[in-house]
Amino acid sequence: MVSLTLAQKGTPLPYVAGALAEYANETKPNSYSVQWQEGASLKGKDKAANSVLIDNGQEFVGSRAAEAFILSALPTPVETAQWIGFAQERLGGAVAFKDLELAFSELDQHLQMRSYASGYAVSVADAALWGALRASAIFQRNLKIAGQQVLGPALTRWYAHISAQPFVERLVAAAANAQTAAKPSGAKVTTDQGSFDLGLEGVEDGKVVTRFPPEPSGYLHIGHAKAALLNEYFARSHNGKLIVRFDDTNPNKEKAEFEESITEDLRLLGIHGDVVTHTSDHFQTIYEYALKMINKGLAYADDTPHETMKEERMNGIASQRRDQSVEENLQRFELMRQGTEEGLTWCLRAKMSVDNPNKAMRDPVIFRCNLTPHHRTGTLWKIYPTYDFCCPIVDSIEGVTHALRSMEYRDRNPQYEWFFPALELRPVAIKDFSRMNFVYTLLSKRKLQWFVDSGIVGGWDDPRFPTVRGIRRRGMTIDALRQYVLMQGASQKNMLLEWDKIWALNKKIIDPVAPRHTALLKKELVPVTVVGGPDVPFTKDQPRHKKNPELGMKQTVFSSLVFVDQADAASFAHNEEVTLMDWGNAIVQDIVRTGDVVTALTVQLHLEGDVKATKKKITWLGQDPNVHPVEALLVDYDYLITKKKIEENDSIEDILTPVSEFADTAIVDANVGLLAKGAIIQLERRGYYIVDKEAAQSELGLVTLINIPDGKAASTASKHKEDPNATKIKSGKGNSWDKPSAKAKAVHPDAALSLPEPKDTCNMYESKHMYGDVAVGKPKDITSMYETHKYY
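Below you will find a few notes about this structure.

Here is what the cut-offs are and how they apply
Residues numbered from 1 in each chain as written. Predicted model: local features only at pLDDT ≥ 70, side-chain atom pairs only at ≥ 80, totals over all residues. Heavy atoms only, no water. Helix = DSSP H or I, 4+ residues; strand = E, 2+ residues; numbered from the N terminus. Contact = heavy atoms within 4.5 Å. Areas by Shrake-Rupley, 256 points an atom, 1.4 Å probe, with all protein chains shown as cover. Buried < 20%, exposed > 50% of the residue type's maximum accessible area, 1.4 Å probe, protein only. Pairing = 2+ DSSP bridges. Axes fitted to C-alpha atoms, helices over the stretch in contact; angles between N-to-C directions. Parallel < 35°, antiparallel > 145°, perpendicular 65-115°, else oblique. Left-handed = near helix turned anticlockwise from the far one by under 90°. Core = buried A, V, L, I, M, F, W, Y, C linked by side-chain atoms within 4.5 Å. Nonpolar A, V, L, I, M, F, W, Y, C, P; charged D, E, K, R; others polar.

## Things to note about the overall build of the protein
Here is step 1: The helix and strand tally for the protein stands at 23 helices and 32 strands.
Here is step 2: Counted over contacts in the protein with a minimum sequence separation of 6, partners at least 24 positions apart contribute 71%.
Here is step 3: Counting every atom, the protein has about 35,500 Å² of accessible surface; 50% of that belongs to carbon and sulfur.

Listed below in structure tokens is the structure:
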């Protein structure tokens with residue numbers, strides 16, 4: 001393996017060489033060992049020694065020499081080579097400020113209609129350009145202060161996208177980690193990057209092996225994502241290996257579908273195990289180690305009733321079976337293995353301690369009977385090892401060097417370490433890090449399962465769930481999730497995190513690439529006669545995103561009859577000049593009201609007016625018989641619980657949010673009807689949305705758009721006390737986390753939502769529940785503009 005060392009304060013900062021090396025690692029793993037070192041030079045006072053590459057004892061000193069070596073082994077087509085030269089000559093080194101400005105402008109122009117510098121995927125050209133820009137103090141200063149206003153929208157969009165690539169994240173995280181390590185004791189760390197210093201012992205470059213062992217009994221949630229990403233980070237940063245191991249030791253809960261979903265979620269997170277294994281691959285070996293423990297007098301069979309055993313462990317009382325002979329224990333363990341009627345009453349316990357202050361050490365159960373067929377081994381086994389027993393065994397025999405897991409297991413670390421000498425196994429270093437806990441959020445699989453079983457949520461991918469699939473369905477990008485987790489580092493300090501920062505980070509990623517569209521609430525539409533408007537409606541192509549032409553064009557309808565929102569219409573005054581967005585100014589001539597409700601408007605088009613001078617910029621929709629607006633359901637969510645931090649003794653009734661799903665029908669521009677599921681857009685003046693269902697996928701025939709929080713206080717605050725008269729979809733309730741709500745057993749497919757019989761009505765139509773196989777009745781109420789169908 002080739003070694004590349006980079007100087008943290010080198011001139012220039014050797015990010016080009018580092019990015020090229022990590023890009024090479026992406027295409028051919030473990031090609032380069034990349035590390036950062038304190039100082040401006042790696043060779044005394046030689047300022048040119050900002051990097052040193054060593055291959056088979058031969059040194060290449062300086063970033064250009066290192067870059068040339070790395071590039072010699074990478075494919076570089078003509079166009080790619082040109083942009084690498086651009087990065088080295090036009091962006092790197094001692095380049096005059098004016099020349100840099102010109103280079104930024106050229107690069108922005110080149111990227112206007114492109115996602116990548118060369119070709120249709122990330123290439124070595126992108127790595128070189130990113131490295132040069134990351135090393136440029138002028139670019140970084142402009143990016144921080146002015147952003148796209150100075151550097152251009154295409155360049156800033158591209159830079160953010162490349163910054164989110166795994167090979168770049170590894171380089172940046174390693175630099176931040178080295179910077180943190182170089183700080184003197186007690187010094188304040190100012191970097192946004194969390195510390196990755198876990199004090200790992202026995203680290204040898206190229207020999208580190210970590211593992212991520214999910215149980216295939218549910219879906220990955222955001223806490224699992226942290227564990228997976230950190231284990232991958234430590235493996236890759238030391239040029240080691242990551243094992244993805246499915247801990248399939250409980251056939252009652254595990255399913256092949258969960259394993260498939262976890263594999264898919266890991267792939268989306270950019271995590272690829274060098275090896276994928278199953279604990280069930282080692283059942284025979286683990287069984288033999290259990291026999292070894294019995295023969296050494298370190299384990300015994302026990303048929304003490306569960307509650308009695310729990311009480312004895314709590315009070316430090318030895319089991320009456322603790323001193324049985326080896327022969328008796330072997331005989332009873334064999335009955336367990338056979339799954340006989342008597343064997344089912346026994347379990348196997350490790351003889352660790354009776355009264356250790358750490359209760360995890362008080363003779364834990366290591367094997368128990370279970371006659372449920374296993375999804376991989378079928379009925380071969382009637383006994384299964386516990387996680388605490390199989391984990392140290394499998395870690396050791398699979399070659400794991402460092403077991404990294406969250407701090408919830410800290411009390412069981414001594415138990416983990418006890419097994420190595422007891423079984424004469426190679427020891428594995430174990431370190432823990434804090435869990436990623438969020439306000440108003442449950443990460444307990446048992447509690448999440450309760451919501452699923454009770455029918456309060458639609459499944460494990462419900463947008464209110466903290467699962468990877470749930471937050472993705474809510475509009476979280478994988479890039480944002482990866483960046484946020486790596487920003488947290490491997491701290492051992494428990495924190496209760498707010499959701500605002502991760503959603504704000506997500507907004508930065510989606511804003512440059514989210515097409516702009518228009519939506520008006522259907523129940524509040526106001527017709528507007530536009531004097532001076534076209535005699536015949538027409539459509540015009542306009543950019544889907546004014547600052548990102550790469551996103552293409554959309555059709556906008558212009559007509560002499562348009563519609564606006566009631567809230568906007570109610571704010572107008574006679575003779576007030578307003579701006580119709582993407583059209584021009586208009587002067588309000590007439591306002592027709594019924595009580596406080598505006599029922600019609602007349603405006604005079606005033607296109608020569610100054611759009612910068614008006615205070616009100618209004619969204620609107622034109623009418624064309626040949627281009628029909630699309631009906632959409634705008635859905636927003638609240639947290640499932642009303643308490644920021646749940647306590648173990650909290651009852652469901654006290655913390656369950658009574659209303660956690662909100663919906664409104666809207667009219668959106670016809671272009672929205674062409675969007676695919678998963679597309680992210682911005683509805684102007686409303687926020688960001690993700691297409692959850694296309695019209696053809698919806699029972700109601702409506703495009704379903706889910707609101708994406710943007711990190712601002714209003715989008716991340718609990719809503720449960722807000723607007724009691726809004727259209728609401730109610731959650732069900734239950735009595736115990738261990739019992740599904742009785743309402744989930746109702747025959748009707750939507751009865752699990754515990755909705756009342758429809759009584760509440762709004763001004764325009766009767767409201768019913770939104771989801772399920774519910775027949776939509778004939779329209780009852782008709783406005784002057786549209787037939788209004790019941791959409792709930």
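Anyway, onward from the coordinates.
## Section: helix H16 (residues 413-423)
Here is step 1: For H16, a buried count of eight out of eleven residues is recorded, marking the element as mostly surrounded by other parts of the structure.
Here is step 2: Those residues of H16 that fall on the buried side of the exposure criterion are Asn 413, Gln 415, Tyr 416, Trp 418, Phe 419, Phe 420, Ala 422 and Leu 423.
Here is step 3: Buried residues belonging to H16 abut helix H12 (283-295), strand E9 (347-350), strand E10 (365-369), helix H15 (387-397), strand E12 (402-406) and strand E13 (429-433).
Here is step 4: Just downstream of H16 lies Glu 424, where phi reads positive at about 60 degrees.

## So, the sheet that holds strand E3 (residues 51-55)
What holds strands together in a sheet is hydrogen bonding between their backbones, with the strands either parallel or antiparallel.
Here is step 1: Within the open sheet, the four strands sit side by side as E2-E1-E3-E4. Their pairing is mixed. One side of each edge strand has no neighbouring strand; the edge strands of this open sheet are strand E2 (32-37) and strand E4 (58-61). Adjacent strand axes in the sheet meet at a mean angle of 15 degrees, parallel and antiparallel pairs treated alike.
Here is step 2: Where E3 lies against E4, four bridges are found, and the strand directions are antiparallel. Bridge pairing in E4 links Ile 54 to Glu 59.
Here is step 3: The sheet strands contacting helix H1 (residues 15-27) are strand E1 (2-7) and E2, and the helix crosses E2 at an angle near 150 degrees.
Here is step 4: Where helix H2 (residues 63-71) meets the sheet, its contacts fall on E1, E2, E3 and E4, and the angle it forms with E3 comes to roughly 40 degrees.

## A closer look at the sheet that holds strand E8 (residues 299-302)
Here is step 1: Strand order across the open sheet formed by four strands is E8-E9-E10-E11, with antiparallel pairing between neighbours. The sheet is open, and its two edges are formed by E8 and strand E11 (383-385), each paired on a single side. Across this sheet, the average inter-strand angle for adjacent strands is 20 degrees, counted without regard to direction.
Here is step 2: Sheet topology places E8 next to E9; four bridges connect them, and they run antiparallel.

## Overview of the packing of H1 against helix H5 (residues 124-135)
Here is step 1: Their axes nearest at 7 Å, the elements H1 and H5 cross at an angle of 150 degrees. If you check the angle between H1 and H5, you find them roughly antiparallel. Note that H1 runs across H5; the crossing there is right-handed. When H1 is examined against H5, the residues Tyr 15, Val 16, Ala 19, Leu 20 and Tyr 23 are found in contact with a partner set consisting of Val 124, Ala 127, Ala 128, Trp 130, Gly 131, Ala 132, Arg 134 and Ala 135.

## Quick notes on the nonpolar core
Here is step 1: In terms of nonpolar packing, the biggest core is built from 125 residues, with Leu 91 and Phe 451 touching the most fellow members.
Here is step 2: The element that contributes the greatest number of residues to this core is helix H10 (residues 222-237), accounting for nine residues.

## Some remarks on helix H19 (residues 478-488)
Here is step 1: For H19, the tally of buried residues reaches ten of eleven residues, placing the bulk of the element in the interior.
Here is step 2: Regarding H19, the residues found buried are Ile 478, Ala 480, Leu 481, Arg 482, Gln 483, Tyr 484, Val 485, Leu 486, Met 487 and Gln 488.
Here is step 3: Taken from the residues just after H19, Gly 489 is the one with a positive phi, measuring 70 degrees.

## Points about the packing of H2 against helix H3 (residues 78-91)
Here is step 1: Interaxial distance between H2 and H3 falls to 13 Å at its minimum, and their mutual angle equals 175 degrees. Accordingly, the angle class assigned to the pair H2 and H3 is roughly antiparallel. Where H2 abuts H3, its residues Arg 64, Glu 67 and Leu 71 lie against Ile 84, Gln 88 and Glu 89.
Here is step 2: Of the residues belonging to the contact of H2 with H3, the class tally is two nonpolar, one polar and three charged.

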